[in-house]
Amino acid sequence: MTDMDVLTLDGGRFAHLFRPGFVHRDLYVSPAVFAQEMRTLFGRTWVYVGHESELPAPNDFMMRSIGRRPVIVTRLDDGTLAVLLNRCTHRGALVCRTARGNARRFTCGYHAWTYDNAGRCIGIPLKHAYGDAFRTDANNLLRAPRVESYRGFIFASMSEAVPPLVAHLAGARQMLDQWLDRDGGRPVVVRNGEMQFLTHANWKTVYDNAGDGYHPPFSHTSMLRVFAERYGDVDMQYYSENFDEAPLLSKDLGNGHTMLDQRPAMHAQSAWARQHVQPGREVLEKALVDQYGAERALRMLDDSTGSGMNLNIFPNLLIIGNQIQLLEPQAVNRTVVRWFSTSLEGAPPEINATRMRMQEDFPSFGEVDDTAQFESCQRGMEDVPELEWIDISRHMRTGVGRPDADGLWREPISSDLHLRCYYDAWRRIMEQGDAS
Amino acid sequence: MSTLGTRRTIVSDAPDYFDLRHYAALAETVRQWRALGEIPIGRVPAPADHAAICRLLFLEARLLDAGRLPEWLDLFTDDCVYWLPTDVDGGDPAQTVTWEMNDRRRLEERVERLATGRAFSQAPPTRTVHLYSNIETLTAGADTAHVLCQFLIHTNLDGRVSQRAGWNGYVVRRVEGLWRFVVKRINLFDADMPQNNNSFTL
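This section reports on the structure supplied with the text.

Calculation rules
Residues numbered from 1 in each chain as written. Chains lettered and ligands numbered in written order. Predicted model: local features only at pLDDT ≥ 70, side-chain atom pairs only at ≥ 80, totals over all residues. Heavy atoms only, no water. Helix = DSSP H or I, 4+ residues; strand = E, 2+ residues; numbered from the N terminus. Rg over C-alpha atoms; globule rule 2.2 N^0.38 Å. Buried < 20%, exposed > 50% of the residue type's maximum accessible area, 1.4 Å probe, protein only. Contact = heavy atoms within 4.5 Å. Areas by Shrake-Rupley, 256 points an atom, 1.4 Å probe, with all protein chains shown as cover. Lys, Arg positive; Asp, Glu negative; His and termini not counted. Charge placed at Lys NZ, Arg CZ, Asp CG, Glu CD. Axes fitted to C-alpha atoms, helices over the stretch in contact; angles between N-to-C directions. Parallel < 35°, antiparallel > 145°, perpendicular 65-115°, else oblique. Nonpolar A, V, L, I, M, F, W, Y, C, P; charged D, E, K, R; others polar. Expected span 1.5 Å × (residues − 1). Core = buried A, V, L, I, M, F, W, Y, C linked by side-chain atoms within 4.5 Å. Buried area = accessible area lost by both parts, 1.4 Å probe. Salt bridge = Lys/Arg side-chain N within 4 Å of Asp/Glu carboxyl O. Polar contact = N/O pair within 3.5 Å; in protein donor to acceptor, adjacent residues only side chain to side chain. 1 Å grid on protein atoms, 1.4 Å probe; cavity = no way out; pocket = protein on both sides within 12 Å on 5 of 7 lines; lining within 4 Å. Points joined across faces, edges and corners; volume = space filled by probe spheres on them. Phe/Tyr/Trp six-rings, centres within 6.5 Å; stacked < 30°, edge-to-face > 60°. Lys NZ or Arg CZ within 6 Å of the ring centre and 35° of its normal. Pairing = 2+ DSSP bridges. Disulfide = S-S within 2.5 Å. Patch = residues over 30% accessible without salt bridge, like charges linked within 9 Å, V, L, I, M, F, W, Y side chains within 5 Å.

## Brief notes about the overall build of chain A
Thinking step 1. Counting its secondary structure elements, chain A contains 15 helices and 24 strands.
Thinking step 2. Compactness check: chain A gives a C-alpha radius of gyration of 23 Å against a globular reference of 22 Å for 436 residues, within 12% of the reference.
Thinking step 3. Across its three principal axes, chain A shows a C-alpha extent of roughly 75 × 60 × 40 Å.
Thinking step 4. In chain A, which comprises 436 residues, the share counted as buried stands at 62%.
Thinking step 5. Considering only intrachain contacts with a sequence separation of at least 6, the fraction spanning at least 24 residues in chain A is 67%.
Thinking step 6. Per element, the accessible surface of chain A, about 16,600 Å² overall, is 50% carbon and sulfur.
Thinking step 7. Of the charged side chains in chain A, 47 are positive and 56 negative, and the gap between their average positions amounts to 7 Å.

## Considering the packing of helix α13 (residues 349-359) of chain A against helix α14 (residues 361-383) of chain A
Residues and elements named next belong to chain A.
Thinking step 1. Packing of α13 against α14 brings their axes to within 4 Å, and their N-to-C directions diverge by 10°. Classed by the angle they form, the pair α13 and α14 counts as roughly parallel. Mapping the contact onto sequence places Arg-357, Met-358 and Gln-359 in α13 and Asp-361, Phe-362 and Pro-363 in α14.
Thinking step 2. Class assignment of the residues belonging to the contact of α13 with α14 gives a composition of three nonpolar, one polar and two charged.

## A word on helix α11 (residues 281-292) of chain A
Thinking step 1. Over its twelve residues, α11(A) runs 16 Å from end to end, which matches the ideal 16 Å to within 8%, given 1.5 Å per residue.
Thinking step 2. Looking at the buried positions of α11(A), the neighbouring elements they touch are α10 (271-274), α12 (294-304) and α13 of chain A together with α1 (20-35) and α4 (104-114) of chain B.
Thinking step 3. Gly293(A), located one to two residues past α11(A), shows a positive phi value of around 85°.

## Observations concerning the nonpolar core
Thinking step 1. If you look at the biggest cluster of nonpolar residues, it comprises 105 residues, and the most contacted ones within it are Trp426(A) and Trp72(B).
Thinking step 2. If one sorts the elements of this core by residue count, helix α2 (residues 47-65) of chain B sits on top with eight residues.
Thinking step 3. When residues no more than four places from it in sequence are discounted, the contact partners of Trp426(A) are Phe14(A), Leu17(A), Phe18(A), Leu27(A), Val33(A), Glu37(A), Leu41(A), Lys204(A) and Phe314(A).
Thinking step 4. Listed in part, the 35 residues of the second largest apolar core include Met175(A), Leu176(A), Trp272(A) and Leu344(A).

## Some details on the interface of chain A and chain B
A common way to report how large an interface is uses the accessible area buried once the components associate.
Thinking step 1. Taken together, the contacts link 46 residues of chain A with 40 residues of chain B.
Thinking step 2. Here chain A and chain B share an interface that buries about 3,500 Å² over both sides, 55% of which is from carbon and sulfur atoms.
Thinking step 3. Contact with chain B buries area across many residues of chain A, yet Arg230(A), Pro279(A) and Phe365(A) alone supply 18% of it, more than any other trio.
Thinking step 4. In this structure, Glu375(A) engages Arg160(B) in a salt bridge whose closest nitrogen and oxygen atoms are separated by 3.8 Å.
Thinking step 5. Scanning the region where chain A abuts chain B turns up 22 residue pairs in polar contact (both at pLDDT 80 or more).
Thinking step 6. Contributions of two or more residues to the side of chain A that touches chain B are made by β14 (194-199), α7 (216-219), α8 (221-231), α11, α13 and α14 of chain A.

## Notes on the layout of surface pockets
Rolling a probe over the atoms, with the probe sized like a water molecule, indicates the empty space that remains.
Residue and element names in this part refer to chain A.
Thinking step 1. Taken as a whole, the largest pocket spans an internal volume of roughly 1,000 Å³.
Thinking step 2. Every residue lining the largest pocket is counted, 37 residues in all, and those nearest its centre are Ala-99, Arg-100, Glu-194, Gln-196 and Arg-338.
Thinking step 3. Elements that contribute at least two residues to the lining of the largest pocket include exactly β4 (60-66), β5 (69-75), β7 (100-102), β14, β19 (323-331) and β20 (334-340).
Thinking step 4. When the residues that make up the lining of the largest pocket are grouped by side-chain class, the tally is 15 nonpolar, ten polar and twelve charged.
Thinking step 5. Along the walls of the second largest pocket sit 21 residues, with Asp-208, Asp-212, Cys-377, Ile-390 and Asp-391 positioned nearest its centre.
Thinking step 6. Those elements that place two or more of their residues in the lining of the second largest pocket are α6 (203-210), α7, α14 and β22 (389-391).

## Thoughts on empty space enclosed by the protein
Thinking step 1. Evaluated as defined, the whole model comprises five cavities of 30 Å³ or more.
Thinking step 2. Of the volumes computed, that of the largest cavity is approximately 500 Å³.
Thinking step 3. Around the largest cavity, the lining is made up of 35 residues, and of these Met236(A), Asn310(A), Ile320(A), Gly321(A) and Phe362(A) lie nearest the centre.
Thinking step 4. Only α6, β17 (309-313), β19, α13 and α14 of chain A provide two or more residues apiece to the lining of the largest cavity.
Thinking step 5. Here the lining of the largest cavity gets five residues from one element, more than from any other, and that element is α14(A).
Thinking step 6. Class assignment of the residues belonging to the lining of the largest cavity gives a composition of 15 nonpolar, 15 polar and five charged.
Thinking step 7. Of the voids in this model, the second largest cavity is the one considered here, and its volume is about 260 Å³.
Thinking step 8. In terms of lining residues, the second largest cavity is bounded by 23 residues, among which Glu100(B), Arg110(B), Asn198(B), Ser199(B) and Phe200(B) are the most central.
Thinking step 9. At the level of elements, β14 and α14 of chain A together with α3 (69-73), β1 (76-85), β2 (98-102) and α4 of chain B are the ones that each hand at least two residues to the lining of the second largest cavity.
Thinking step 10. Within the lining of the second largest cavity, the residues separate by chemical class into 14 nonpolar, six polar and three charged.

## What about helix α5 (residues 171-180) of chain A?
Thinking step 1. The buried count for α5(A) comes to seven of ten residues, which makes it a mostly enclosed element.
Thinking step 2. For α5(A), the complete set of buried residues consists of Gly171(A), Ala172(A), Met175(A), Leu176(A), Asp177(A), Trp179(A) and Leu180(A).

## Brief notes about the packing of aromatic side chains
Thinking step 1. The tally for this structure, following the rule as stated, stands at 30 aromatic pairs over all chains.
Thinking step 2. Here the aromatic rings of Tyr214(A) and Phe218(A) are separated by 6.3 Å at their centres, their planes lie at 85°, and the arrangement is edge-to-face.
Thinking step 3. According to the relative accessible area criterion, Phe218(A) is partly exposed, its value standing at 49%.
Thinking step 4. Grouping aromatic residues by their ring pairs yields a cluster made of Phe14(A), Phe18(A), Tyr28(A), Tyr207(A), Phe314(A), Tyr422(A), Tyr423(A) and Trp426(A).
Thinking step 5. A cation over an aromatic ring shows up here: Arg19(A) above the ring of Phe22(A), its NZ or CZ 5.1 Å from the ring centre.
Thinking step 6. In this arrangement the basic side chain of Arg185(B) is found over the ring face of Trp83(B), its NZ or CZ atom lying 4.5 Å from the centre.

## With respect to the sheet that holds strand β11 (residues 146-150) of chain A
Residues and elements named next belong to chain A.
Thinking step 1. Sheet architecture is open: three strands sit in the order β3-β12-β11, paired in antiparallel fashion. Here the strands that pair on one side only, and so sit at the sheet edges, are β3 (47-51) and β11. Each strand axis lies, on average, 30° off the axis of its neighbour in the sheet, ignoring direction.
Thinking step 2. Where β3 meets strand β12 (residues 153-157), four bridges bridge the pair, whose relative direction is antiparallel.

## Overview of the environment of Leu344(A)
Residues and elements named next belong to chain A.
Thinking step 1. Within the fold, Leu-344 resides in strand β21 (residues 343-344).
Thinking step 2. The sequence separation of Leu-344 and Tyr-422 amounts to 78 residues, and the corresponding C-alpha distance is 31 Å.
Thinking step 3. Setting aside its immediate chain neighbours within four residues, Leu-344 contacts Asp-183, Arg-186, Pro-187, Val-188, Ser-304, Asn-352 and Arg-355.

## With respect to the state of the cysteines
Thinking step 1. Enumeration according to the criterion identifies zero disulfides over all chains in this entry.
Thinking step 2. Unpaired in this structure, Cys88(A) has its nearest cysteine sulfur neighbour in Cys108(A), at a distance of 3.9 Å.

## A word on a nonpolar patch on the surface
Residues and elements named next belong to chain B.
Thinking step 1. A grouping of Val-129, Leu-131 and Leu-152 is seen on the molecular surface, where their side chains present a nonpolar patch of about 240 Å² in accessible area.
Thinking step 2. Relative to the helices and strands, Leu-131 is located in strand β3 (residues 127-139).
Thinking step 3. The class of Leu-131 is partly exposed, set by a relative accessible area of 46%.

## Observations regarding the environment of Phe197(A)
Thinking step 1. In this structure, Phe197(A) sits in strand β14.
Thinking step 2. Look at Phe197(A) and you get buried, because its relative accessible area is 9%.
Thinking step 3. Distance from Phe197(A) to Ala99(A), taken between C-alpha atoms, is 17 Å for residues 98 residues apart in sequence.
Thinking step 4. Setting aside its immediate chain neighbours within four residues, Phe197(A) contacts Thr335(A), Val336(A), Val337(A), Trp339(A), Pro363(A), Val368(A), Trp99(B) and Gln195(B).

So this is what it looks like as structure tokens:
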């Protein structure tokens, strides 16, 4: 159990931002804290940079970021992955300006310094002017020193001094396994488009919300009311009067990773049966039943209905339902939230079409209201200097937390456990200082 | 009936509505729009039809800007598609996530959500001015036509001014003498880039 550490850790340069059950608004509004996060927090831990299915062929590449650092994720000829800092070693310009593609080399547009897709400098025009002692290979692109992938999820670290990825993932690893092993473990494919939301709020407000099981019946009233009036007792209606008593829980997965687990309620019987309608629901279900029989069709549909998991992987990866959500901080009060949709390789086209429509459901009926809350919180935190502290104390003193059957610490769904776990990991890394 | 007085579609009886064939047909229509050069003379509608279709677009813009969404909904057929893609390449909706891919029922749900008074993304609501221009119409059968136009939507959300721009593709059908929307595809020119609050009706 790590959730009390934030309250007891003494000293350090960030100690003034924490007190029992509260964090200081500077974590959300201070440009100086933001700059330090981009350098240290994103510089000293594993950061998700994409999914292997996004780079299916040799020499495929995509642009991503590690904090504010622009990087190029490349697949080399031999199938291995590299993460290159997208910054010409000459004057700093981007060497790649295309979001994704296939290339063996990148040439800076400014003075045509050229690099191969492993980052080696292979061409400098009029090189003689640098003198005889000049070494081309001293000008390779900076590479993230550690790159590992776990079952398709590619992570990179700007610091050599991080534990192996699986050790870092801790309890999140088994949850990721459970997420991936639905529908008999058909490979998840991340090549079906994405939504990019611009949010005028600090990037952590989005993370805070992904683990927040307190807000759904309130922030999502509009959505829940429409679906209840139309379709009755469908998904998410289990946020009833005292939803802390419902079979829903918040879990500490270690190293700042957490999960909201709605599966005990959502997948208790058929999640598909409880799923409110989406375009094409009846006609695609019928097509599947006609082809595969009712039992198999309904099992495939159950396995493609939202996962019932909000799996929050420190510091900026959120797996929500069937989507992969990546937070890209732009500034202390501006964040791009990227929702990558997923399909299943080899699944019937009716299943993947159904997945597309289900993955559009929450973003436009729910996320839009959450985003309005983030922006509203940001304004309150920025504009009222008299109120400095943000409450993260739910279920801190109720004594209802306990180890779950899998040994992981659990608390009721409305707990702020996720925030306490997050800031515990945040502090451990931030106190290590600048060097990456 | 909803509390708004609007109709509630629970299950549509339109054949093939939102099945794989329908998706393929929609993708093919968009492909043709994107490839269109000069409109063939044989597909130029009668001036009276062009004028009537323009009136439909201007009515839509006026109802949207006035927040008269139940009346706006009445401009759509029972087998309508309201489609806001996330890509600018004309991807197949059966395999590509969209910002919104609404059937009639989902469009009704959206109008109902905005009317709950608890849609925080629209509290206060986004004020809009829809401008439609460069309107081109093409016949596509006796009582069906396609419409391409450019749009600029000037918005103000709680004091913050911003614009949305792009082109719309419509399929319209004459129903009992009145032109109605069968497909509205809204092509934001930057649909694949980070989007501000688009929870109003584009």
